[in-house]
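# What the coordinates show
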Amino acid sequence: AAYYQFNNTCDDSYNEFHGFDSGDANYVTGVSGEAFKFSKTTASSVTIPYGMIHNKAFAVSFWAKNISDGLLFYSTCSDNNVRFTLSVNSGKLKFIATRHPNYYEYDKTEREFAHPSISDNKWHHIVLTSDFGQTTYATWTTTLYLDGRRAGTITEYNSSNGELDKPNGFIVGGSVKMNSTVLTCPSFTIDNLRIYFTGENLATWSP
């Protein structure tokens, strides 16, 4: 659906879902061409003002290195809530799909994947594949692939898709407050961000 190479721009290479940077736009050498380097100090971010995660099934793929704890990406929503957060907590990737767990259950360790360290100066390939109700009814099932190897699966129960057709923006980096939890931008470098739609549009689908 979209491909961001970060070659001195945050525009989509398919010329459809363009984004923009804020905070401290710093383009550095990437996996191929350039990459975008995020700063924890300036809370830099890339905003893609489109609902990039609004399908019953999707995948997100990117290269990253030097990843510290913090917020990698999330979806802003039309009801002013936050969903689909990917963060790093104590060196472990954590993905939470829906509103309630993001706001009230972020600290639960079952939301975290178990995997080798990704905080070094090496490029790591990270892929999330996620679906609602296709693997298990009324459940988000998300699998992490790290450097070409399956690294684990987490599930999140949600009985209704009523909140799942609301995303209207996709933010990489930045910071967000969810109830008593504040997630801030980590220091990391990202390249070749790809977003895939692999299922029905949630706005037209019901269980």
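Each remark here, short or long, concerns the structure printed above.
What counts and how
Note on numbering: residues in each chain are counted from 1, in written sequence order. Side-chain atom pairs in this predicted model are given and counted only at pLDDT of 80 or more, local residue features only at pLDDT of at least 70, and totals for whole chains, interfaces and linings cover all residues. Note that water and hydrogens are dropped before the side-chain values are worked out from all heavy atoms of the structure. Only DSSP runs of H or I covering at least 4 residues are called helices, and only runs of E covering at least 2 are called strands; the numbering of each starts at the N terminus. To sort residues, take the accessible area from a 1.4 Å probe on protein chains only and compare it with the maximum for the residue type: under 20% means buried, over 50% means exposed, and anything in between is partly exposed. The charge count treats Lys and Arg as positive and Asp and Glu as negative. His and the chain ends do not count. Within this document, salt bridges are pairs made up of a side-chain nitrogen of Lys or Arg and a carboxyl oxygen of Asp or Glu, the two lying within 4 Å of each other. In what follows, residue pairs with any heavy atoms lying within 4.5 Å of each other are defined as contacts. For two strands to count as paired, DSSP must find a minimum of two bridges between them. N or O atoms within 3.5 Å of each other form a polar contact, as long as, within protein, one can give a hydrogen and the other can take it, and as long as residues adjacent in sequence are counted only when both atoms are side-chain atoms.

## Considerations on the side chain of Lys65
Structurally, Lys65 is set in strand β6 (residues 57-65). Buried charge Lys65 goes without a salt bridge, the closest partner of opposite sign being Asp120 at 9.2 Å. Among residues more than four places away in sequence, those in contact with Lys65 are Asp120, Asn121, Lys122, Trp123, Phe188 and Thr189.

## Observations regarding the pairing of strand β4 (residues 34-38)
Taken together, the three bridges between strand β3 (residues 27-29) and β4 define a ladder with antiparallel strand orientation. Across the sheet, residue Thr29 finds its bridge partner in β4, namely Glu34. The antiparallel hairpin formed by β3 and β4 contains four residues in its connecting segment, where Gly33 sits at a positive phi of about 70°. One ladder, built from three bridges, connects β4 with strand β16 (residues 188-197); its direction is antiparallel.

## Side note on the side chain of Asn81
Along the polypeptide, Asn81 turns up in the loop between β7 (70-77) and β8 (82-89). Judged by relative accessible area, which is 14%, Asn81 ranks as buried. A distance of 3.2 Å separates polar atoms of two side chains, one belonging to Asn81 and the other to Asp79. At 3.4 Å, the side chain of Asn81 and the side chain of Tyr103 are in polar contact. If sequence neighbours within four positions are ignored, Asn81 has contacts with Ser75, Thr76, Arg99 and Tyr103.

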